[in-house]
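Structure at a glance
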Amino acid sequence: MANSTSANALLHRALQHVEGWEQSWGSFDPHPSLGVDPGRLDAVFDEYLERLEGNYPFHHPRYAGQMLKPPHPIALAAYAAAQRINPNNHALDGGPPTSQMEKEVVADLAAMLGLPDTALGHLTGGGTVANLEALWVARELRPAQAVAVAENAHYTHGRMGDVLDTEVVPVSADARGRMDLHSLERTLEQDDIGTVVLTAGTTGLGAVDPIHDAIPLCRAHDARVHVDAAYGGFFRILTEDAAPEIEGFPAERFRAIEKADSVAIDPHKHGLQPYGCGCILFRDPAVGRFYRHDSPYTYFTSDDLHLGEISLECSRPGAAAGALWCTLKALPLAPDDGLGSILAACVRAARTWTDAVEATDALRVVAPPETDIVAYMPTTEEKTLSAVHEASQALFDAAMNDPDAPIFTSVYRLSADALTTLHPSLTADRDEAAVLRSVLMKPEHETYAPRLVGRLAETAQSLERSAP
Ligand SMILES: *Cc1c(COP(=O)(O)O)cnc(C)c1O
């Protein structure tokens, strides 16, 4: 396992280097209260490591369930090195090197998204906080106006609307989970909308809203645009000329992110980072004025920009910035190298998975994938949503509990409207039905897809045969 060897070696090197740096400041006596009885420590660690085995194998290609995978070994080691020092990127004085690195990676992300180099941004705890900051700035700029959010958008937008006491107006989505432009136009005409939230890569189906067509509509109605690219933002690398051509990849939609007023993107989703790394970017740096504060606790000692002056959160891990900085240096944001090669493999994996499903009799695709998430369902004798629902649940359970080689997928509920629009042969005998969903966010999925689908089809067939 090349990865684990290099992770161990890098981690060792990182911790040793920081230890040497610590010692260069002179030795001192640690307080005895920090010591732990070796026997107790041993027992605790035994228990801890064993309890961690209760996780699903997020690292393995057979895990294609939710948006989960381990960080890259480089991110792991870089994080550990900075974590040992524990800088706080709230203020430059809390961690000068990692604060500088944060400014550099934020500029890299802005450039990748096509935003001007004057864009203002910072890392956050995750996508939810990044979106919260965008909606908060939206409210400060347009205090009396509502925010329009498609029904396929992340559920936290509605929740954050409550937190901010901002009215959230729902916009319908089409059967494939993308914002419906007619519904958007109606909303813009009928309601007083200050900001529209568009999604580049939905959490459910990885679908991309028609951003290129929605933005001119929003502009015509004087509405601002926030793009929630928490999941899909990194795919914008694949819109560059040097990127490989991939069928069905909505490049034009991703390219249009460059016209947004604000963008949220999660390096802890497709940027190979451990959790705790989101990012918010604003086109107009003047929105920084809303963050201004005067706290007696802060320790700003220079006139340079302190990230704590443009962030809602106070303490933030410098290690997150350090890990992302190292990762992007080692695996650059390039269309045909580094992260671009990884993302292209994930997008191709979804096409390979789709083709493999179409080649079976036991499974069928719900809708063609746009990014790297595929929805599919067992072929049932009875053409009802109840039959699809039950067969999907049964296949999900059976695949996960296969004693030889479990395959982890997830179930996703689709409305009867969406499913019968996509598959008119199905009869709606219930309001919604579960289908299967696979998130193919590891590049290894490209090569493993055919055999994983083959195994799922065999399981589906044997379930169908044993059905009463
Ligand atoms: C994951 C996700 C979020 C929430 O981000 P967290 O990092 O989990 O807080 C928001 N929007 C979209 C589209 C997402 O996929």
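Residues numbered from 1 in each chain as written. Predicted model: local features only at pLDDT ≥ 70, side-chain atom pairs only at ≥ 80, totals over all residues. Heavy atoms only, no water.

The subject of this paragraph is the nonpolar core. Leu109, Leu184, Val196, Leu198, Ile211, Val227 and Leu281 are the most contacted members of the largest nonpolar core, which has 71 residues in total. Among the elements that take part in this core, helix H11 (residues 318–330) stands out by supplying six residues, more than any other. Per-domain counts for this core show at least three residues from each of domain 1 (82–331) and domain 2 (338–466). With residues up to four places along the chain from it excluded, the contact list for Leu281 reads Val106, Leu109, Ala110, Leu113, Leu115, Leu120, Gly121, Asp261, Ser262, Val263 and Ile265. One finds Ala350, Ala356, Val374 and Phe396 within the second-largest nonpolar core, a separate group that totals 23 residues. (Core = buried A, V, L, I, M, F, W, Y, C linked by side-chain atoms within 4.5 Å. Buried < 20%, exposed > 50% of the residue type's maximum accessible area, 1.4 Å probe, protein only. Helix = DSSP H or I, 4+ residues; strand = E, 2+ residues; numbered from the N terminus. Domains from an automatic or database assignment. Contact = heavy atoms within 4.5 Å.)

Around the ligand lies a shell of 13 residues, among which Thr128, Asp228, Asp266, His268 and Lys269 are the nearest. One nitrogen or oxygen atom from the main chain of Gly127 is found 2.7 Å from an oxygen atom belonging to the ligand. In isolation the ligand exposes 380 Å². Once the protein is present, 87% of that is buried. Taken together, the elements giving at least two residues each to the shell around the ligand come down to helix H5 (127–141) and helix H10 (267–270). A total of three residues in the shell around the ligand trace back to one element, the largest contributor, which is H5. When grouped by side-chain class, the residues that make up the shell around the ligand number two nonpolar, eight polar and three charged. (Near = heavy atom within 4 Å. Polar contact = N/O pair within 3.5 Å; in protein donor to acceptor, adjacent residues only side chain to side chain. Areas by Shrake-Rupley, 256 points an atom, 1.4 Å probe, with all protein chains shown as cover. Nonpolar A, V, L, I, M, F, W, Y, C, P; charged D, E, K, R; others polar.)

With that settled, the discussion passes to the side chain of Asp266. With respect to the helices and strands, the residue Asp266 is situated in the loop between strand E6 (262–265) and H10. Looking at Asp266, the relative accessible area reads 2%, which means it is buried. In contact with Asp266, not counting residues within four places along its chain, are Gly126, Gly127, Ala229, Ala230, Phe234, Gly271, Cys277 and Gly278.

To continue, consider the domain arrangement of the chain. Under the domain assignment used here, the chain contains domain 1 (82–331) and domain 2 (338–466). Centre-to-centre separation of domain 1 and domain 2, based on C-alpha positions: 30 Å. Across the contact, 28 residues belong to domain 1 and 26 residues belong to domain 2. Taken together, the two surfaces of domain 1 and domain 2 that pack against each other cover about 2200 Å², and 70% of this comes from carbon and sulfur. When the buried surface of domain 1 facing domain 2 is broken down by residue, Ala175, Arg176 and Leu205 rank first, second and third, together holding 26% of it. At the boundary of domain 1 with domain 2, the tally comes to two salt bridges. Here Arg176 and Glu370 are joined by a salt bridge, their closest N and O atoms 3.9 Å apart. Our count for the domain 1 to domain 2 interface comes out at ten residue pairs in polar contact (both at pLDDT 80 or more). At the level of elements, helix H9 (251–255) and H10 are the ones that each hand at least two residues to the side of domain 1 that touches domain 2. In terms of residue class, the side of domain 1 that touches domain 2 is built from 17 nonpolar, six polar and five charged. (Buried area = accessible area lost by both parts, 1.4 Å probe. Salt bridge = Lys/Arg side-chain N within 4 Å of Asp/Glu carboxyl O.)

Taken together, the four strands give an open sheet; going across it, the order is E9-E10-E12-E11, and neighbouring strands pair in antiparallel fashion. Of all the strands in the sheet, the pair left with one neighbour each is strand E9 (363–367) and strand E11 (410–415). The mean inter-strand angle of the sheet, taken between neighbouring strand axes irrespective of direction, is 45 degrees. Across four bridges, the pairing between strand E10 (residues 373–378) and strand E12 (residues 432–439) is antiparallel. (Pairing = 2+ DSSP bridges. Axes fitted to C-alpha atoms, helices over the stretch in contact; angles between N-to-C directions.)

Counted under the stated rule, the structure contains 16 salt bridges. Close ionic contact of Arg178 with Glu370 constitutes a salt bridge, the shortest N to O distance being 2.9 Å. Taken together, the positions of Arg178 in the loop between strand E3 (168–171) and helix H7 (181–190) and Glu370 in the loop between E9 and E10 put the pair 192 residues apart, joining distant regions of the chain. Both residues of the pair, Arg178 and Glu370, belong to the buried class. Put simply, Asp174, Arg176, Arg178 and Glu370 are held in one network by salt bridges that share partners.

Turning next to the sheet that holds strand E4 (residues 193–199). Pairing within the open sheet is mixed, and its seven strands lie in the order E1-E7-E6-E5-E4-E2-E3. Sheet topology places strand E1 (120–124) and E3 at the edges, where each strand pairs with a single neighbour. If you compare each strand with its neighbour and ignore which way they point, the axes differ by 20 degrees on average. Here H7 sits on the sheet in contact with strand E2 (146–150), E3 and E4, set at roughly 150 degrees to E3.

This part covers the pairing of strand E5 (residues 224–229). Judged by how many residues are buried, E5 sits mostly within the fold: six of six residues are covered. In E5, alternate side chains face the same way, and those of Arg224, His226 and Asp228 on one face and Val225, Val227 and Ala229 on the other are all buried. Bridging between E4 and E5 involves five bridges; their strand directions are parallel. Looking across to E5, one finds that Thr195 is bridged to Arg224. Assessed by its sense of winding, the connection that carries the chain from E4 through helix H8 (residues 211–220) to E5 is right-handed. In the sheet, E5 pairs with E6 via four bridges, with the strands oriented parallel. Following the sheet pairing, His226 is matched in E6 by Ser262. (Right-handed = clockwise from strand over helix to strand, strands pointing away.)

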